[in-house]
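One-letter residues, chain by chain:
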Amino acid sequence: MSRTDAPASGLNDEAVLLVGHGSRREASNEQVRTLAADLEDRLGVPVDAGFLELAEPSIEDAIDALAPAVSSISVVHLSLFAASHVKNDVPAALRQARAEHPDVAFDNGSHLGVHPAIVDLLDDRAASVEADLGVDRETDDVAVVLCARGSSDPDANADVHKLARLLYEGRAFSRVDATFIGVTEPTLDETLHDVAKHRPDAVVVVPYMLGDGVLTGRIRDGAADFDDEYPYVEAACGDPLGTDPRLLDVLGDRWQEARTGSVEMSCDTCKYKVELDGYEADVGGAKAMLRALDHREAHSDRENVADDPHAHDAPAKHVAVCTNQTCAADGAPAVLERLRQAARDADGGNVRVTRSSCLGQCGDGPNVAVYPEGVWYQRVQPEDADRIVASHLDSERIVSDLDSQLL
C-alpha cells in the first residue's frame, strides 16, 4: 500500500520509526531513544525507535506496536551511510511488514548521509579539540583526521571522503584526511603516521560515530597512542555526534523526503546496481535480498552474541524459499513446509528455512536459494526437500539433477 492509497488523514494518523543499529552498551541505545523523543517533539507526530540488532525492540516489534494506531509509517534511518543495513536489511523488514500490515502505508527514507548540518557539527567537534589543545586553525598548522567505521560498501566509504573534503573547503585546516577504524583502508594508524610526516602543530581526530561505543573507544585509544609516540605533535580525539540537535535537522529532512516520495539514493555508484571493480560478484537484486535475509536471521538472538562489536550468531546454512504469488501457485508453501520438517529432522544441522519475496525468476519456480553458497534451485517439488537437506545441507553436495545456478 502506498501513501497515495492511504486513507485521507491528518498528521495524527502518521508515525515515524527511527531505526538504529543497536548496541551492547545500553547508553548507546538510550541515545537512539532520546533522539526519537526529541524528533517527536520536533515533528509533532509519534516517533518510536527500533533496532536492527542487539537491542529491543526489533524493527518488526516496533512496527507491530505502531501499525494498529496509524495509517502510515515513515521509516527514518539513524545510519551514517548507505551500506548493507540501509540497502538490504531494512527494505527486507519492510517487505515483511507490508505483507503483515496491508492497511498501513510504509515509506522508506534514506540514511543521514552528507548534509550541511553534519559538516557544521563536525566542524564544531574539531573546534572543541582545538580549544582543549590550545591551538587555532587560523594561526597554527592544524590537521584533521576524520575517522569512520569502514564498510564493505565502496559507496559508503566514498561518502566519508566527501565529508572530509567538505570539512576542508572554506576552513583554515592545513588538511583533512578520511580514515577508518576497520574493514577497509586507510586505517587510522596508517593515516596518523602519514600526517605526522608533514609535522603539523596539532592533529585533531574527529570520530564520525553516533555514540561513544566500542569503536569510538578504539579511535580515542589510537589518538592517544599517536600523541605518546609523536611528542612534537599535539594530538587529541573529539567527541562523537551524540544527540546534538543538528541531527534532528537531518532526520527531519529525511522524514520529509520519505513521506513525499522524494528519496534520492546513489544508485549510480551502488555495488548492487552497477558493476564496480572489485565488487563484480555483488551485482544483482536477488543477491542483495538473500544477503539481507541471511543477515536478518543472524540478528534473531539479541542476547547470546559474541564479544566482537559486529559479530552475529549466523546459521551455518540459510534456505530461502520464494513464496510470492507465482511460486505459491506452483506449490512453494508445500516445499517450504517440507524443507522445514526435513531440516528439523536432520542430524544437528544449524539451518534456518525462511520465506522470501520474489527472486525474479517467475515461471521457473518454486525457487529455493541456499546461502552462503548462493546456490539457486528451480522447479523444486516437496519430494525434493529431503534430498536438498541430506545432500546439500548435510553433505555439502549440490543436488545436480535439479535445475540450479550459482547466484
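Residues numbered from 1 in each chain as written. Predicted model: local features only at pLDDT ≥ 70, side-chain atom pairs only at ≥ 80, totals over all residues. Heavy atoms only, no water.

Novice: Which residues make up the pattern of salt bridges, and what values go with them?
Specialist: Counting across every chain of the model gives 23 salt bridges. In this structure, the salt-bridge partner of D386 is R338, at a minimum N-O distance of 2.9 Å. With D386 in helix α12 (residues 385-395) and R338 in helix α11 (residues 332-345), this pair connects stretches of sequence that are 48 residues apart. In this structure D386 comes out as partly exposed when scored by relative accessible area, which is 37%. Residue classification places R338 among the partly exposed positions, given a relative accessible area of 28%. Among the salt bridges present, the one from R387 reaches D384, with a minimum N-O distance of 2.9 Å. What makes D384 buried here is its relative accessible area of 9%. If you follow the salt bridges from partner to partner, you end up with D120, D124, D244 and R246 in one network. (Salt bridge = Lys/Arg side-chain N within 4 Å of Asp/Glu carboxyl O. Helix = DSSP H or I, 4+ residues; strand = E, 2+ residues; numbered from the N terminus. Buried < 20%, exposed > 50% of the residue type's maximum accessible area, 1.4 Å probe, protein only.)

Novice: Please provide a residue-by-residue account of the nonpolar core, values included.
Specialist: Counting 52 residues, the largest nonpolar core has L18, L112, L122 and Y208 as its most contacted members. The element contributing the most residues to this core is helix α4 (residues 116-133), with eight residues. Each residue touching L122, except ones within four places of it in the same chain, is listed here: L146, L163, L167, V206, Y208 and L241. Among the nonpolar cores identified, the runner-up in size contains 23 residues, and V321, A342, A385 and L393 belong to it. (Core = buried A, V, L, I, M, F, W, Y, C linked by side-chain atoms within 4.5 Å. Contact = heavy atoms within 4.5 Å.)

Novice: Account for the packing of α4 against helix α8 (residues 246-259), naming residues and giving values.
Specialist: Interhelical geometry of α4 versus α8 gives an angle of 165 degrees and a closest axis separation of 9 Å. When the interaxial angle is binned, α4 and α8 end up roughly antiparallel. For the pair α4 and α8, the sense of crossing is left-handed. Of the residues in α8, those in contact with A117, I118, D120, L121 and D124 of α4 are R246, L247, D249 and V250. (Axes fitted to C-alpha atoms, helices over the stretch in contact; angles between N-to-C directions. Parallel < 35°, antiparallel > 145°, perpendicular 65-115°, else oblique. Left-handed = near helix turned anticlockwise from the far one by under 90°.)

Novice: An account of the sheet that holds strand β4 (residues 105-108) is needed here, citing residue identities and associated values.
Specialist: As summarised here, the arrangement of the four strands in space is β2-β1-β3-β4, forming an open sheet in which the pairing is parallel. Two strands in the sheet have a free side with no partner beyond their single neighbour: β2 (47-51) and β4. Direction aside, neighbouring strands of the sheet carry axes that sit 25 degrees apart on average. For strand β1 (residues 14-20) and strand β3 (residues 72-77), the ladder comprises six bridges, and the chain directions are parallel. Opposite V19, over in β3, you have H77 as the bridge partner. (Pairing = 2+ DSSP bridges.)

Novice: Which residues make up the sheet that holds strand β5 (residues 142-148), and what values go with them?
Specialist: An order of β6-β5-β7-β8 is seen for the four strands of this open sheet, with the pairing classed as parallel. One side of each edge strand has no neighbouring strand; the edge strands of this open sheet are β6 (175-180) and β8 (234-237). With strand direction ignored, the average angle separating the axes of adjacent strands in the sheet is 20 degrees. Together, β5, β7 (202-207) and β8 form the strand contacts of α4, whose direction differs from that of β7 by roughly 140 degrees. Across the sheet, helix α5 (residues 154-168) is in contact with β5 and β6; its angle to β6 comes to roughly 160 degrees.

Novice: Run through unusual backbone geometry, naming residues and quoting values.
Specialist: Note the cis peptide between E56 and P57, where omega equals 0 degrees. By the secondary structure assignment, P57 is in the loop between β2 and α2 (59-66). Backbone torsion omega between E185 and P186 reads 0 degrees, so that peptide bond is classified as cis. Secondary-structure assignment places P186 in the loop between β6 and α6 (188-196).

Novice: If you had to explain the pairing of β5 to someone new, which residues and values would you point to?
Specialist: With seven of seven residues buried, β5 is to be regarded as a mostly interior element. Along β5, one buried face is formed by V142, V144, L146 and A148 and the opposite face, lined by A143, V145 and C147, is buried too. Relative to β7, β5 runs parallel, the two sharing six bridges. Its bridge partner lying in β7, A143 is registered against V203. Of the pairings in the sheet, the one linking β5 to β6 comprises six bridges and is parallel in character. Within β6, the residue paired with A143 across the bridge is R175.

Novice: Requested: an account of the packing of aromatic side chains, with residues and values cited.
Specialist: Applying the stated rule across the entire model yields three aromatic pairs. Relative to Y208, the ring of F81 has its centre 5.3 Å away and its plane inclined at 55 degrees; by these criteria the two rings are tilted. Here Y208 lies in the loop between β7 and α7 (214-229) and F81 lies in the loop between β3 and α3 (84-100), a separation of 127 residues in the sequence. A residue is classified by how much of its surface remains accessible, and F81, at 13% relative accessible area, is buried. Seen from their ring centres, Y230 and Y232 are 5.8 Å apart, and the 85 degrees between their planes marks the pair as edge-to-face. Residue Y230 is classed as buried on the basis of its relative accessible area, which comes to 15%. In this structure Y232 comes out as partly exposed when scored by relative accessible area, which is 38%. (Phe/Tyr/Trp six-rings, centres within 6.5 Å; stacked < 30°, edge-to-face > 60°.)

Such coordinate-based values are descriptive only and should not be taken to indicate function.
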